[in-house]
Amino acid sequence: MISGLVQILLFQSLGELVSKFVLPTLPGPVIGLVLLIVWLVLRKGINHELAMVADGFSQYLGLLFVPAAVGVVLFLPQLKANALAIVSALVGSVILTIATSAIVVRFLSSKPKEVNQ
Amino acid sequence: MSEKHSIVEIWVYLSGSPLFALFITLAAYQIGLTIYKATKQNPLANPVAIAIILVASIIQFVEMPYSTYFEGAQFIHFLLGSATVSLAIPIYRGLSSLKGRSLPLLASLIAGGLVSIVGAVNIAKLLGADSSITGAMYPKSVTAPIAMGIAERIGVSPTLTAIFAVTTGILGAILAPFILNALGMKAWWQRGFAIGIGAHGIGTSRAFSIHPEAGTYASLAMGMNGVISAVAIPILYHLFN
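What counts as what
- Residues numbered from 1 in each chain as written.
- Chains lettered and ligands numbered in written order.
- Predicted model: local features only at pLDDT ≥ 70, side-chain atom pairs only at ≥ 80, totals over all residues.
- Heavy atoms only, no water.
- Helix = DSSP H or I, 4+ residues; strand = E, 2+ residues; numbered from the N terminus.
- Expected span 1.5 Å × (residues − 1).
- Buried < 20%, exposed > 50% of the residue type's maximum accessible area, 1.4 Å probe, protein only.
- Arc of directions from axis to C-beta.
- Contact = heavy atoms within 4.5 Å.
- Phe/Tyr/Trp six-rings, centres within 6.5 Å; stacked < 30°, edge-to-face > 60°.
- Lys NZ or Arg CZ within 6 Å of the ring centre and 35° of its normal.
- Axes fitted to C-alpha atoms, helices over the stretch in contact; angles between N-to-C directions.
- Parallel < 35°, antiparallel > 145°, perpendicular 65-115°, else oblique.
- Left-handed = near helix turned anticlockwise from the far one by under 90°.
- Nonpolar A, V, L, I, M, F, W, Y, C, P; charged D, E, K, R; others polar.

A.B. asks: Could you give an account of helix α1 (residues 2–21) of chain A, naming the residues involved and the relevant values?
C.D. replies: With 20 residues, α1(A) should reach 28 Å at 1.5 Å per residue; the first-to-last C-alpha distance of 28 Å fits that figure. Inspection of α1(A) places A:G4, A:Q7, A:I8, A:F11, A:Q12, A:G15 and A:S19 among the buried residues, and these make up the whole buried set. Taken down its axis, α1(A) places every buried residue within 130° of arc, on the same side. Along α1(A), exposed side chains directed more than 90 degrees from the buried face belong to A:I2, A:K20 and A:F21. The elements touched by buried residues of α1(A) are α2 (28–43) and α3 (48–59) of chain A together with α4 (66–86) and α8 (144–154) of chain B.

Structure below.
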């Protein structure tokens, strides 16, 4: 497990370094993510220890949002004042996003599939 | 020393150490998980939402300032960066299942990603939301760890972004089956991909619990959407603000 964590922290540090000195518009962890994918593609595989740590993170990802999201206490009056706009925007955009993504992927993938079969 | 006095001293000691913040955060999440399992994984009983409400209520009740709470809970918060990096593993696993489907998937990702931003920002603006709220709407369809990184870069509140992102995930997990059935979507990979774009992490775990292929494509969509959005959202944001 420790070796998996070392690998993750190594790529996170590399990402932070690249973000600080080369690509300041991208968050460090996102650069680390891309570097790790490139590394996995080059090595053609995930080692067991890395998979174990990564799966642990994905399983409890939700817990990691809690400290920042509790900051909602600082925004309660603002959220209340804008409640209608926020709820409508979130519900409306979720419906539009899922519908658009689904329609585009089906429309573009149905035709060549039929030719192939 | 009177008994009352010593209780106050214990409280002063506890509230000054990170222990209290760590304890209530983990305990609240554990309670959330228990409720989630007891309701047979009903998306309305989302463990993250339950934990946020519980911790927020507790710190309001004991009158602990948010900054004091966060000082302790920052050890959990720090791991968000590492969790973002580990998203590389599900994306890498998903890449092998692309099977020549990359063009429709990429087109769907760009269309869905744009609609989520344009839709959310404009609906909020039309109904009179102020700019701090519309700003935080930009990254809300991105998985929360990446969304908060983007929020910091464009100078909007990472907290509001996290809240909108978590709410979006819950709404997406609840609404997706109805939307996809109404559209007559049958292929698991297409359903999963649409859920991953619209409802990121919470939608992805829902997709995994329904069908493994849907889950793989949902995590691929979530990861790719996160990476592309991290590049595109700062550009879009500065274009319109």
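A.B. asks: Residues and numbers for the packing of aromatic side chains, please.
C.D. replies: Counted under the stated rule, the structure contains four aromatic pairs over all chains. Measuring from centroid to centroid gives 6.1 Å for B:Y66 and B:Y69, while their planes differ by 35°, and the two rings are tilted. Of the two residues, B:Y66 and B:Y69 both sit in helix α4, three residues apart, roughly one turn of that helix. No difference in accessibility class separates B:Y66 from B:Y69, as the two residues are buried. With 5.7 Å between their ring centres and 50° between their planes, B:W189 and B:Y217 make a pair best called tilted. With B:W189 in helix α10 (residues 188–210) and B:Y217 in helix α11 (residues 212–240), the pair connects residues that are 28 residues apart, well separated along the chain. In this pair, the class of B:W189 matches that of B:Y217, namely buried. One aromatic cluster is present, built from ring pairs that chain together B:Y66, B:Y69 and B:F70. Sitting above the plane of the A:F21 ring, A:K20 keeps its charged end 5.9 Å from the centroid. Positioned above the aromatic ring of B:W189 is the side chain of B:R101, whose terminal nitrogen or guanidinium carbon lies 3.9 Å from the ring centre.

A.B. asks: An account of the packing of α8(B) against α11(B) is requested, with residue identities and associated values reported.
C.D. replies: Residues and elements named next belong to chain B. Put simply, α8 and α11 touch, their axes get as near as 10 Å, and they point 25° apart. What the angle tells us is that α8 and α11 run roughly parallel. The crossing of α8 and α11 is right-handed. Between α8 and α11, the residues in contact are I146, I150 and I154 and G226, S229, A230, I233, P234 and Y237, respectively. Across the contact of α8 with α11, the residue classes tally to seven nonpolar, two polar and no charged.

A.B. asks: Which residues make up the side chain of A:S101, and what values do they have?
C.D. replies: Within the fold, A:S101 resides in helix α6 (residues 83–116). Given the relative accessible area of 0%, A:S101 is considered buried. Excluding residues that lie within four positions of it along the chain, A:S101 makes contacts with B:S108, B:G112, B:A194 and B:I197.

These results come straight from atomic positions and should not be treated as a statement about function.
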